[in-house]
Amino acid sequence: MFNNDWDMLLKEEIEKPYFEQLRLKVAEEYTNYTVYPPQEDIFRALKQTPFKETKVVILGQDPYHGPGQAEGLSFSVKPGVRIPPSLHNIYKEMASDLGVSAPRHGSLMHWANQGVLLLNAVLTVRDGKPNSHKGIGWERFTDAVIAKLNERTTPMVFILWGSYAQKKGSFINRGRHMVLESSHPSPLSARRGFLGSRPFSAANAFLEEKGIEPISWEIPDIPVTVGK
């Protein structure tokens, strides 16, 4: 299903009755409505970033709901798609924090390939209807993903932007892992604590302190392909 170590770790979870009901509901939605991301990209975050390679988690809420935007990675859009406002602010903060240039595309595959798990709490959405798949079962599944990471002895960084992500990550062991919290990068809230929060340098400082190779946050202007 994921073609990496997540398969064994989540085997019991995907065999539970709720997940079968979720699978059937999602299949019905794709049959009857326009749903994002493409079905083959629903689990892109977990396929792209194996459990043992995860160094940082950036938690989003649900996929972008516009045509061609969602690619199964939180905050990321496919090359050639207009950069959404939240991602624009993420790039703005990255440039300010690290003194690097923002790319001219919106793909965060470069991060995913280095161990940044770009996980949405809800993995699918109807066209034009944000939060339309809230409450159908995805939250239970992604809670299980976060719980597995939380149990890991190797320290990692959880980046929680906005109250939704912060509530979902409230159980994370802060004695072992670093949790970075601020307001959401959305234009509605970015100036209330996100801009100036410097999460990228803080994450790397923690990783280096723990003897873990830091993330190269600067994204090449030529988009990285899906494969590693």
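Quick notes on the overall build of the protein chain
Link 1 in the chain: Secondary structure summary: the protein chain contains nine helices and six strands in total.
Link 2 in the chain: Over its C-alpha atoms the protein chain spans a radius of gyration of 17 Å, differing by no more than 12% from the 17 Å that the globule rule assigns to 228 residues.
Link 3 in the chain: With the principal axes as the frame, the protein chain shows a C-alpha extent of 45 × 40 × 35 Å.
Link 4 in the chain: The buried share of the protein chain, taken over its 228 residues, is 53%.
Link 5 in the chain: In the protein chain, once contacts between residues fewer than 6 apart in sequence are set aside, the share between residues at least 24 apart is 69%.
Link 6 in the chain: As displayed, the protein chain has an accessible area near 10600 Å², and 51% of this comes from carbon and sulfur atoms.
Link 7 in the chain: With 27 positive and 25 negative side-chain charges, the protein chain shows a separation of 4 Å between the mean positions of the two kinds.

Considerations on the packing of helix H3 (residues 17-32) against helix H7 (residues 138-151)
Link 1 in the chain: Taken N-terminus to C-terminus, the directions of H3 and H7 make an angle of 125°; their axes are 10 Å apart at the nearest point. Accordingly, the angle class assigned to the pair H3 and H7 is oblique. Helix-helix and strand crossings are classified by hand; for H3 and H7 the assignment is left-handed. Each of Tyr 18, Phe 19, Leu 22 and Val 26 in H3 lies in contact with H7, whose residues at this interface are Trp 138, Arg 140 and Phe 141.
Link 2 in the chain: Class assignment for the residues of the contact of H3 with H7 results in six nonpolar, no polar and one charged.

Thoughts on the sheet that holds strand S6 (residues 178-182)
Link 1 in the chain: One open sheet accounts for four strands, arranged S3-S2-S5-S6; its pairing is parallel. The open sheet is flanked by strand S3 (116-120) and S6, the only strands paired with a single partner. For this sheet, the mean inter-axis angle between neighbouring strands, taken without regard to orientation, is 20°.
Link 2 in the chain: In this structure, strand S2 (residues 56-60) lies alongside S3, joined through five bridges in parallel fashion. Bridge assignment links Val 56 to a residue of S3, and that residue is Val 116.
Link 3 in the chain: Contacting S2, S3 and strand S5 (157-161), H7 crosses the sheet at an angle of about 150° to S3.

As for empty space enclosed by the protein
It is a probe the size of a water molecule, rolled over the atoms, that shows where empty space is left.
Link 1 in the chain: With the rule as written, the count across this model stands at two cavities of 30 Å³ or more.
Link 2 in the chain: Roughly 40 Å³ of internal volume is contained in the largest cavity.
Link 3 in the chain: For the second largest cavity, the full set of lining residues is Ile 42, Phe 43, Ala 45, Leu 46, Gly 72, Leu 118, Leu 119 and Leu 123.
Link 4 in the chain: Elements with a contribution of two residues or more to the lining of the second largest cavity: helix H4 (44-48) and S3.
Link 5 in the chain: Of the residues in the lining of the second largest cavity, the class split is seven nonpolar, one polar and no charged.

Details of unusual backbone geometry
Link 1 in the chain: Residue Pro 37 follows Tyr 36 across a cis peptide bond; omega there is -5°.
Link 2 in the chain: You will see that Asn 131, though not glycine, has its phi angle at about 65°, which is positive.
Link 3 in the chain: As for its placement among the helices and strands, Asn 131 is situated in the loop between strand S4 (125-126) and H7.
Link 4 in the chain: Even without being a glycine, Arg 198 presents a positive backbone phi close to 55°.
Link 5 in the chain: Secondary-structure assignment places Arg 198 in the loop between S6 and helix H9 (199-209).
Link 6 in the chain: Relative accessible area serves as the criterion here: at 44%, Arg 198 is assigned to the partly exposed category.

Quick notes on the rules
Residues numbered from 1 in each chain as written. Predicted model: local features only at pLDDT ≥ 70, side-chain atom pairs only at ≥ 80, totals over all residues. Heavy atoms only, no water. Helix = DSSP H or I, 4+ residues; strand = E, 2+ residues; numbered from the N terminus. Rg over C-alpha atoms; globule rule 2.2 N^0.38 Å. Buried < 20%, exposed > 50% of the residue type's maximum accessible area, 1.4 Å probe, protein only. Contact = heavy atoms within 4.5 Å. Areas by Shrake-Rupley, 256 points an atom, 1.4 Å probe, with all protein chains shown as cover. Lys, Arg positive; Asp, Glu negative; His and termini not counted. Charge placed at Lys NZ, Arg CZ, Asp CG, Glu CD. Axes fitted to C-alpha atoms, helices over the stretch in contact; angles between N-to-C directions. Parallel < 35°, antiparallel > 145°, perpendicular 65-115°, else oblique. Left-handed = near helix turned anticlockwise from the far one by under 90°. Nonpolar A, V, L, I, M, F, W, Y, C, P; charged D, E, K, R; others polar. Pairing = 2+ DSSP bridges. 1 Å grid on protein atoms, 1.4 Å probe; cavity = no way out; pocket = protein on both sides within 12 Å on 5 of 7 lines; lining within 4 Å. Points joined across faces, edges and corners; volume = space filled by probe spheres on them.

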